[in-house]
Protein chains: 2
Amino acid sequence: MEESYDALRLENQLCFPLYACSREIIKQYKPHLDELGLTYTQYITMMVLWEKGEATVKELGERLYLDSGTLTPLLKKLESRGCITRARSKTDERNLMITVTREGEALREQAVSIPGKMARCSRLNEAEAAELYRLLQKMLGK
Amino acid sequence: MEESYDALRLENQLCFPLYACSREIIKQYKPHLDELGLTYTQYITMMVLWEKGEATVKELGERLYLDSGTLTPLLKKLESRGCITRARSKTDERNLMITVTREGEALREQAVSIPGKMARCSRLNEAEAAELYRLLQKMLGK
DNA sequence: CGCAATTAAATTGTGTACAATCGAATTGTA
DNA sequence: TACAATTCGATTGTACACAATTTAATTGCG
């Protein structure tokens, strides 16, 4: 009747350190993002938009693995802050086009120093970070 | 005036794949956890409790990197489902002792098959999973 | 063409996360 | 021993996440 519950131990899960690590690092971003008045999710959304200039909600969702239930309220907040505009596409009104404003572009200049600050306090060296990146991409099927 | 915003590209972040990967894997747990009526956070909480039999809210928080703002409502739900009991410690009333009930213990038998099911659909081989685990632990300062 | 199927966002409801604050119990020290 | 400081959990408020449903626009097929 003695059963082994070893597989159920928290230390034997890969998912838990992934989940914990993700949240811990997002916490480390917070003081830097507070200076810009952005949350982490808003920050990665702006990253996609800074890179492309504009994108539909659908494209943002595919890139960030987020759905409209998360993005719609988040984008409305970014709009009310003046960082982006939201407008239906002329050619297909189902699509909502998100565009970075001048004010949103200005925020980019403040954001550009953040990756360096974060890299400096990482516990991994460059090779380890690269390997971690590779494994995560593989896990995501990329 | 030409500036490099390369560091701000989503592909150049370590945090984003970590965050995306964590959420994608938690989604893969969902159909299995639905059968037990547990959310992912409730599942890892039960994992700690199954292992120890009982723990204070503080101990759970340290182990799971969660605070009372998250744990208090979650534990009340687990209590109302009959999986755990919540009782103040006799020796120090500030501590709330969480104990697994017989019903909570029964859930463990259903949960024990989950890690195997999850491992089988992973895209990483055993060596890669071990290396990923090591890097995440190092990142967490463990 | 007409209309069913599909698509894109928005909405609704539940459940985390987490910062900040509060209140009760305990501890350390003058 | 008073009492300030600390500790633990609960509460409040904001912001995601995400499943499920709804609404409006577009597409494709008979």
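So, a few notes on the structure that sits alongside this text. These numbers were taken from a predicted model, which means no experiment stands behind them.

Reading guide: rules and limits
Residues numbered from 1 in each chain as written. Chains lettered and ligands numbered in written order. Predicted model: local features only at pLDDT ≥ 70, side-chain atom pairs only at ≥ 80, totals over all residues. Heavy atoms only, no water. Helix = DSSP H or I, 4+ residues; strand = E, 2+ residues; numbered from the N terminus. Contact = heavy atoms within 4.5 Å. Near = heavy atom within 4 Å. Polar contact = N/O pair within 3.5 Å; in protein donor to acceptor, adjacent residues only side chain to side chain. Nonpolar A, V, L, I, M, F, W, Y, C, P; charged D, E, K, R; others polar. Least-squares fit on C-alpha atoms with pLDDT ≥ 70 in both. 1 Å grid on protein atoms, 1.4 Å probe; cavity = no way out; pocket = protein on both sides within 12 Å on 5 of 7 lines; lining within 4 Å. Points joined across faces, edges and corners; volume = space filled by probe spheres on them. Buried area = accessible area lost by both parts, 1.4 Å probe. Salt bridge = Lys/Arg side-chain N within 4 Å of Asp/Glu carboxyl O. Axes fitted to C-alpha atoms, helices over the stretch in contact; angles between N-to-C directions. Left-handed = near helix turned anticlockwise from the far one by under 90°.

1. As for the environment of P17 of chain A
Position of P17 of chain A among the secondary structure elements: in helix α1 (residues 15-36). In this structure, the C-alpha to C-alpha distance between P17 of chain A and L132 of chain A, residues 115 residues apart in sequence, is 13 Å. In contact with P17 of chain A, other than residues within four places in its own chain, are Y133, L136, Q137 and L140 of chain B.

2. Examining the protein's contact with DNA strand C
In the vicinity of DNA strand C lie 29 residues, with Y19, S68, T72 and R86 of chain A together with T39 of chain B positioned nearest. Among the atoms of DNA strand C close to the protein, meaning within 4 Å, 81% are from sugar or phosphate groups. Between a sugar or linking oxygen of DNA strand C and a side-chain N or O atom of R88 of chain A, the distance comes to 3.2 Å. Mapped onto the surface near DNA strand C, the elements with two or more residues apiece are α1, α3 (57-64), α4 (68-80) and β2 (84-88) of chain A together with α2 (40-52) and α4 (68-80) of chain B. The residue inventory of the surface near DNA strand C, partitioned by class, reads five nonpolar, eleven polar and 13 charged.

3. As for the relation of the copies chain B and chain A
For the match of chain B to chain A, the screw axis carries a shift of 0.0 Å, the RMSD comes to 0.0 Å, and the turn is 180 degrees. The superposition of one copy onto the other is thereby described by a two-fold rotation axis. Interface overlap between copies is the fraction of interface residues in one copy that are interface residues in the other; for chain B against chain A it reaches 100%, indicating a shared surface.

4. Digging into the protein's contact with DNA strand D
Around DNA strand D sit 29 residues in total, of which Y19, K58, S68, T72 and R86 of chain B are the nearest. Taken together, the sugar and phosphate atoms account for 80% of what DNA strand D places within 4 Å of the protein. Here a phosphate oxygen of DNA strand D and a side-chain polar atom of K77 of chain A are 3.4 Å apart. Here a phosphate oxygen of DNA strand D sits 3.1 Å away from a polar atom, N or O, in the main chain of E93 of chain A.

5. Remarks on empty space enclosed by the protein
Regions of empty space are outlined by a rolling probe, equal in size to a water molecule, passed over the atoms. In the structure shown here, the tally under the stated rule is one cavity of 30 Å³ or more. Empty space within the largest cavity amounts to approximately 40 Å³. Considering the residues around the largest cavity, the lining is formed by M47, W50, E51 and R108 of chain A together with Y5, L8 and R9 of chain B. The dominant element in the lining of the largest cavity, judged by the number of residues it contributes, is helix α2 (residues 40-52) of chain A, at three residues. Partitioning the lining of the largest cavity into residue classes produces four nonpolar, no polar and three charged.

6. With respect to the interface of chain B and chain A
Note: interface size is frequently given as the accessible area lost on complex formation between the parts. Of the residues lining the interface, 56 residues belong to chain B; the matching set on chain A comes to 56 residues. Both sides together, the interface formed by chain B and chain A hides about 5,900 Å², and carbon and sulfur atoms give 68% of it. Here chain B is connected to chain A by eight salt bridges. Where chain B meets chain A, there are twelve residue pairs in polar contact (both at pLDDT 80 or more). If you list the elements that add at least two residues to the side of chain B that touches chain A, you get α1 (15-36), α2, α3 (57-64), α5 (102-111) and α7 (126-139) of chain B.

7. Considering unusual backbone geometry
With a phi close to 60 degrees, Y65 of chain A is a non-glycine residue in the positive phi region. Position of Y65 of chain A relative to the elements: it lies in the loop between α3 and α4.

8. Some words on the packing of α2 of chain A against α1 of chain B
Where α2 of chain A contacts α1 of chain B, the axes come no closer than 12 Å and their chain directions differ by 115 degrees. In the packing of α2 of chain A onto α1 of chain B, the handedness of the crossing is left-handed. Listed contacts from α1 of chain B to Y40, T41 and I44 of chain A of α2 of chain A are C15, F16 and Y19 of chain B. Considering only residue class, the contact of α2 of chain A with α1 of chain B consists of five nonpolar, one polar and no charged.

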